[in-house]
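If you want the building blocks of each chain, they are given just below.
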Amino acid sequence: MKTPFLLLAAVALVLAGCATQPQSGNAALMNRFKQADASGDGKVSRDEFIDFMITESFANYDKGNKGYVTLEEFTAGGGTPATYAKIDRDGNGRVTLADAKASKIVREQFVAPFDAADTSGCGNVTFDEFVAYRAAAAPYVR
C-alpha cells in the first residue's frame, strides 16, 4: 500500500532541505548530503538515504517534537488510518521514529526517490548525483 504523501514529502525534503537556518547554493546541499552520509564515506547508501528521509519526515509529522506521531498528525499529513495501524504495530496510538524505521511500508516510500537519484545504479548516491537529482526534480516541488 503506497502513501503518495510520503513519497512527495521525501522528494520535498531532499530538495528543500528542512534546514533550521537558510543556506544557499551548494553549501546547503553539501550540508544535507553530509547529514545523510552516516558512514562519512562520501556517498549515501540506500539504507542511509532511507533512514535519513524517515528521520526528516518523522520530524515533520511529529508536531511539538514529542517523540511520536499520533493518528491525527499522520492523517493530517495525508496518511490513512489503515496505514497508520500497520506502522503502529503494538497499537498504542504512538508511532515512534524506531517504529517508522522498522516499518516496511514506510521504508518502501523512500525507494523511488533514491533510485531516481542513483543514476549510475551502483547502490550509492554521490554528491554530484544528489545535485543533479535536485535540479531535475525542482520543477515538481513547490
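Residues numbered from 1 in each chain as written. Predicted model: local features only at pLDDT ≥ 70, side-chain atom pairs only at ≥ 80, totals over all residues. Heavy atoms only, no water.

(A) Focus on the overall build of the protein. Of the regular secondary structure elements, the protein holds 9 helices and 2 strands. When the helices and strands of the protein are placed in sequence order, the string is α-α-β-α-α-α-α-α-α-β-α. Counting every position in the protein, which comprises 142 residues, the buried fraction comes to 40%. The contacts of the protein with a sequence gap of at least 6 include a subset with a gap of at least 24, amounting to 61%. Here the protein has roughly 7,800 Å² of accessible surface; of this, 57% comes from carbon and sulfur atoms. (Helix = DSSP H or I, 4+ residues; strand = E, 2+ residues; numbered from the N terminus. Buried < 20%, exposed > 50% of the residue type's maximum accessible area, 1.4 Å probe, protein only. Contact = heavy atoms within 4.5 Å. Areas by Shrake-Rupley, 256 points an atom, 1.4 Å probe, with all protein chains shown as cover.)

(B) The arrangement of the packing of aromatic side chains in detail. Per the stated rule, a full pass over the model turns up 5 aromatic pairs. In this arrangement the basic side chain of Lys 66 is found over the ring face of Tyr 68, its NZ or CZ atom lying 5.0 Å from the centre. We note Arg 94 situated over the ring of Tyr 68; from NZ or CZ to the ring centre the distance is 4.1 Å. (Phe/Tyr/Trp six-rings, centres within 6.5 Å; stacked < 30°, edge-to-face > 60°. Lys NZ or Arg CZ within 6 Å of the ring centre and 35° of its normal.)

(C) Broad picture of the environment of Ala 98. You can see Ala 98 is positioned in helix H6 (residues 97–102). Along the chain, Ala 98 and Gly 67 lie 31 residues apart, while their C-alpha atoms are 9.9 Å from each other.

(D) Seen up close, the pattern of salt bridges. In this structure the tally under the stated criterion is 7 salt bridges. A salt bridge links Arg 46 to Asp 115; its shortest N-O distance comes to 2.7 Å. Here Arg 46 is found in helix H3 (residues 46–61), whereas its partner Asp 115 is found in helix H8 (residues 111–117), with 69 residues between them in sequence. By relative accessible area, Arg 46 is classed as partly exposed at 31%. Look at Asp 115 and you get partly exposed, because its relative accessible area is 39%. (Salt bridge = Lys/Arg side-chain N within 4 Å of Asp/Glu carboxyl O.)

(E) Quick peek at H3. Between its first and last C-alpha atoms H3 spans 22 Å; for 16 residues at 1.5 Å apiece the expected length is 22 Å, and the two agree. Residues of H3 that are buried include every one of Glu 48, Phe 49, Ile 50, Phe 52, Met 53, Ile 54, Glu 56, Ser 57, Phe 58 and Tyr 61, and no others. (Expected span 1.5 Å × (residues − 1).)

(F) The arrangement of the side chain of Asp 37 in detail. Along the chain, the position of Asp 37 falls in the loop between helix H2 (25–36) and strand S1 (44–45). Within the buried core, Asp 37 has no salt-bridge partner, and the shortest N-O distance to an opposite charge, that of Lys 43, equals 8.6 Å. Polar contacts involving the side chain of Asp 37 include one to the main-chain amide nitrogen of Asp 41, which spans 3.2 Å. When neighbours within four sequence positions are excluded, Asp 37 is seen to be in contact with Gly 42, Lys 43, Val 44 and Glu 48. (Lys, Arg positive; Asp, Glu negative; His and termini not counted. Polar contact = N/O pair within 3.5 Å; in protein donor to acceptor, adjacent residues only side chain to side chain.)

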